[in-house]
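Structural overview
What follows is each chain in one-letter form.
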Amino acid sequence: MVKGKDPQWEARINRGPVLVGSGRIISNQGDVVAATGRRIAVFVPENNTYRLLSTIDVPAEVLSLAVGMGNFTPDQIIAGTLDQILTWSARRESIVPFWSTPPEPEARFVNLALGDVNGDGRLEIVAAAEGAGAFYVYEQPGRPEVEMNLQLLAIRLVPGAPQKVTVIERAGMLPLIAVAFLEAGNWGIVTFSYTERGFVAGPLLERLPAGLTAMASGRLTGAPGEDMAWGGDDGRVRIVAVGETLSTVLTTDDLGSAISTLGVGRLADREVLVAGTPEGHIFIYPVPVVSPSPERAITVEVPVNDLTLTANGRLVVGNREGRVLVIWMSGGSSFFLHRVRPGETLWELARRYNTSVEEIIRLNGLTNPDRIYPGDLLQIPLP
């Protein structure tokens, strides 16, 4: 489907919240993976649309999803369930089971991240196991033709129930594993690095100012190596510089009721941080992030559950109503945010931003356009 100059494509997977991932499973353009319930769908790009390649029936509910680990094969599809991690790989034009882990009863693998955490030149799987109060690290065996199970490298307890995990690359050093946890109603983030003694704890953040709902890593501050971003149930994103300590260097504007998902990658030809909200908005920040206000935003009109960015610079969105959406550039209604300053009027804003008062009123649902106040956030349509 093409909507004006904003191409997009959409498909229904099932019912319920959709998790999404993207990688080079069949093509080099960024195949799309969408999961909900016990079903995973794999799509490959064809011109300005996507073709359903395969549907996978999973033996248990998919709690988490990742795409990658192309150590010996093209990228794999990785799913976390209640007690196992399962993977699939492409064989010609078919998707077949590949690796799996032995059952870990009631582990609840609620989040996954990929990274070369031990420096062996191969990517490992880091899984947040909510039920076990730990994160698990799995590696692929050196001879994949001999052993078809993922091998457990380590289990490391964390101070509470882990909910999110990300791998942070560091210049000249092994990566950090960052784990967000909940303990007695308080949220924190703890980091770990791999040493000869196993995974040892590093810098941490305790008693976060909001409940953590999303986490991502990338080159967010312009410093060497990567830093971290987390989104909260207060609708804000925090940018955290990673060094000998974890230091919050920027807090964004209020973007909605909560941040449901975060992603870092290339959108079109730019590196960006992208945040989705339950209100159906997607906010885009250029990297490095230097302003609390997003550069632009997209509305998709349905609650955003998950998002990712493809190898060819497209945005993949999984919503909470069983659908996956791929957006080439903007998709839907595009706008950016303006915080009202004392003395500003809609007429002045319309003239400044080359739009109309009527369009600002429509986009923001204003019932009394004469009453805007300093500090209000208005959506301004892009010209």
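In this report, the structure presented in the accompanying data block is examined. All values derive from a computational prediction rather than experimental measurement. (Residues numbered from 1 in each chain as written. Predicted model: local features only at pLDDT ≥ 70, side-chain atom pairs only at ≥ 80, totals over all residues. Heavy atoms only, no water.)

This part covers the side chain of Asp75. Here Asp75 shows up in the loop between strand E7 (64-68) and strand E8 (76-80). Buried charged residue Asp75 carries no salt bridge. Nearest counter-charge: Arg24, at 5.6 Å. A distance of 2.9 Å separates a polar side-chain atom of Asp75 from the backbone nitrogen of Arg24. Excluding residues that lie within four positions of it along the chain, Asp75 makes contacts with Gly23, Arg24, Ile25, Val67, Gly68, Met69 and Gly70. (Helix = DSSP H or I, 4+ residues; strand = E, 2+ residues; numbered from the N terminus. Buried < 20%, exposed > 50% of the residue type's maximum accessible area, 1.4 Å probe, protein only. Lys, Arg positive; Asp, Glu negative; His and termini not counted. Salt bridge = Lys/Arg side-chain N within 4 Å of Asp/Glu carboxyl O. Polar contact = N/O pair within 3.5 Å; in protein donor to acceptor, adjacent residues only side chain to side chain. Contact = heavy atoms within 4.5 Å.)

Here we come to the side chain of Thr87. Mapped onto the secondary structure, Thr87 falls in strand E9 (residues 85-91). A distance of 3.5 Å separates polar atoms of two side chains, one belonging to Thr87 and the other to Gln76. Once residues within four sequence positions are removed from consideration, Thr87 is found in contact with Gln76, Ile77, Ile78, Pro97, Phe98, Trp99 and Leu150.

Backbone-to-backbone hydrogen bonds join strands into a sheet, with any given pair of strands oriented parallel or antiparallel. In space, the four strands of this open sheet follow the order E19-E20-E21-E22, with antiparallel pairing throughout. Sheet topology places strand E19 (212-218) and strand E22 (246-251) at the edges, where each strand pairs with a single neighbour. Going from strand to strand, the sheet's axes swing by 25° on average, the running direction of each strand aside. In the sheet, strand E21 (residues 237-242) pairs with E22 via five bridges, with the strands oriented antiparallel. Bridged to Ala241 within E22 is Ser247. (Pairing = 2+ DSSP bridges. Axes fitted to C-alpha atoms, helices over the stretch in contact; angles between N-to-C directions.)

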